[in-house]
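Residue-level structural notes
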Amino acid sequence: MKKRTIIIIAVVMGLSFLALLSLQLSYIEEMVRMKKEQFDESVTKAMYQASRNLELNETLRYLEKETGADGDVYSSFELKTINSKPSQMPKAMILRNDKNSITATTKSMREIVKNRYVYQKALLDEVIYSILYTASDKPLRERINFKMLDQDIKAELMNNGVNIPYHFTVCTQDGREVYRCPDYSDKGEEYTYTQLLFRNDPQNRMGLVKIHFPEMNSYIFSSVRFMIPSVVFTFVLIVTFIITLVLIFRQKRISEMKNDFINNMTHELKTPISSISLAAQMLNDESVTKSPSMMKHLGGVINDETKRLRFLVEKVLQMSMFDRKKAVFKRKELDLNELLENVASTFTLRVEHTGGHIYTDIEAVDSTIYVDEIHFQNAISNLMDNAVKYRKADQPLNLYIKTWNTDEHVCFSIRDTGLGIRRENIKKIFDKFYRVHTGNVHDVKGFGLGLAYVKKIVNLHDGDIRCESELGKGTRFVVSLPIITANK
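My aim in this report is to walk through the structure given alongside it, one point at a time. Because the structure is predicted, anything quoted here is derived from the model rather than measured.

**Some words on the packing of helix α10 (residues 373-389) against helix α12 (residues 450-460)**
Relative to each other, α10 and α12 sit at 140°, their axes nearing to 9 Å. Considering the angle they form, α10 stands oblique to α12. When you trace α10 past α12, the crossing you get is left-handed. Together, His 375, Phe 376, Asn 378, Ala 379, Asn 382, Leu 383 and Asn 386 of α10 and Gly 450, Leu 451, Tyr 453, Val 454 and Ile 457 of α12 make up the contact between the two elements. Across the contact of α10 with α12, the residue classes tally to seven nonpolar, five polar and no charged.

Put into structure tokens, the structure is as follows:
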């Protein structure tokens, strides 16, 4: 599948997942908002009704006090009215058979009832006004039964569908606290509901009840709890989709690198095979004179190309062996300074052939390392071989080898004056099969396994390697290894 097709599919699926997640979140937000509005309305209604009950209870208590503990104000008013106006009882009530008398009696009764109602209402208004005026003179602490107020608030909240713990305080208009519930806490105080008490009193004598709910958020979000699994699953799908995309692109890159590896390997193997084939044909060709020098030359070609083939095959097998974790190291103590100088001497001719030189700067005092000699020597050779391969055409190549000590490590660096590496390619050069693109130029041979092999060897020896490079100015590899102390 083409990379562009994969990107289009990924963008479409990604936008779809994000749209789905956005819809779910907006739906949850809307549900929370509606639940909060419903909660606010229920609490407001409950608080209003509780305050109204408080005022009615106070009015009833004063009325009972005025009329007696077991009396009835309306019965008292009725008795006072009847006893104070006996002369108004109609005589026609005795003469029931007289129709005119009945009509007159009906009108008289209506008038009496009307007068009684007006009189009682006026008297009741006067009494209530007197009661309320007298009550407002008292402090809130004496006017309110806080236990009954708590019971009323709880009952009204339950009647409105709110059954969660709450805390409340009662204070005056100027903010002086009169009462605080015994189990009061500040949790949830940022959402406080306030209700006026005794609204008919003068403003400076009104009270305030403030209530808040420590578990309000849990109560609000409990209505959308069933949506949480769907959001979690959607998020998991998005993460899985992203991981799948990363794996797809990684596998595609590995596939491309393996294809390049196969092409390079074919190109690398073709030359020695062709040379061996040509030498074999010359040996079998009877028309070619088989002089001792010719035979020696052909034998040398076959031997050299066979070694070259064996080296290429072993290089691939080594990486395969490391991947299967079957590599066995024969470690021993070596002097890093001496090892680097020995490897550098083998590259002296190749470097001087370009017109350049190898410069060594040995500063490490503690240079004993515990490594596999063959593998580590191959790793150093790979670094120097890359420097020679990726040199600037028709320009001398200089190599700078340096060693030094840190607190617990011995380090060395190999710097060249070659082509250099682009910054975006530096982090990929240690990947298997990866080769820096050089266009269609095939003068640089290799499988893209050299630096992967070097990194693997260094890491297996508890070391670290990093690359510093600037395009057109050269490359520097820095390797650090643990120091082997005398008592180890």
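**Section: the packing of aromatic side chains**
In this structure the tally under the stated criterion is 12 aromatic pairs. When the centroid spacing of 4.3 Å and the interplanar angle of 5° are considered together, the rings of Phe 146 and Tyr 179 count as stacked. A residue pair is termed long-range when its members are at least 10 positions apart, and Phe 146 in helix α5 (residues 146-159) and Tyr 179 in strand β2 (residues 177-180) qualify at 33 residues. By relative accessible area, Tyr 179 is classed as partly exposed at 22%. Measuring from centroid to centroid gives 6.3 Å for Phe 430 and Phe 477, while their planes differ by 75°, and the two rings are edge-to-face. Taken together, the residues Phe 430 in the loop between α11 (423-426) and α12 and Phe 477 in strand β11 (residues 474-482) connect sequence positions 47 residues apart. Assigned by exposure class, Phe 430 and Phe 477 land together as buried. Grouped by ring-pair contacts, the aromatic residues Phe 39, Phe 146, Tyr 166, Phe 168, Tyr 179, Tyr 193, Phe 213 and Tyr 219 constitute a single cluster.

**Focus: the nonpolar core**
Phe 39, Ile 153, Ile 211 and Phe 213 are the most contacted members of the largest nonpolar core, which totals 41 residues. When residues of this core are traced back to their parent elements, those giving at least two are α1 (3-67), α5, β1 (167-172), β3 (192-197), β4 (207-212), α6 (216-221) and α7 (228-284). Here this core gets 12 residues from one element, more than from any other, and that element is α1. Residue contacts for Phe 213: discarding those within four places in its chain leaves Phe 39, Val 43, Leu 157, Val 162, Ile 164, Pro 165, Tyr 166, Lys 187, Gly 188 and Tyr 193. Val 343, Leu 383, Leu 399 and Ile 457 belong to the second-largest nonpolar core, a separate cluster that totals 40 residues.

**Here's the deal with the sheet that holds β2**
One key point about sheets: their strands pair by backbone hydrogen bonds, in either a parallel or an antiparallel sense. Reading across the sheet, the four strands line up as β2-β1-β4-β3 and stay open at both edges, with antiparallel pairing between neighbours. The two strands at the open ends of the sheet, each matched to only one other strand, are β2 and β3. Here the strands of the sheet are splayed against their neighbours by 20° on average, with no regard to which way each runs. Pairing analysis gives three bridges linking β1 to β2, with the strands arranged antiparallel. Bridged to Cys 171 within β2 is Glu 177. Its contacts with the sheet place α5 against β1, β2 and β4, and it is angled at close to 125° to β1.

Criteria and cut-off values
- Residues numbered from 1 in each chain as written.
- Predicted model: local features only at pLDDT ≥ 70, side-chain atom pairs only at ≥ 80, totals over all residues.
- Heavy atoms only, no water.
- Axes fitted to C-alpha atoms, helices over the stretch in contact; angles between N-to-C directions.
- Helix = DSSP H or I, 4+ residues; strand = E, 2+ residues; numbered from the N terminus.
- Parallel < 35°, antiparallel > 145°, perpendicular 65-115°, else oblique.
- Left-handed = near helix turned anticlockwise from the far one by under 90°.
- Contact = heavy atoms within 4.5 Å.
- Nonpolar A, V, L, I, M, F, W, Y, C, P; charged D, E, K, R; others polar.
- Phe/Tyr/Trp six-rings, centres within 6.5 Å; stacked < 30°, edge-to-face > 60°.
- Buried < 20%, exposed > 50% of the residue type's maximum accessible area, 1.4 Å probe, protein only.
- Core = buried A, V, L, I, M, F, W, Y, C linked by side-chain atoms within 4.5 Å.
- Pairing = 2+ DSSP bridges.

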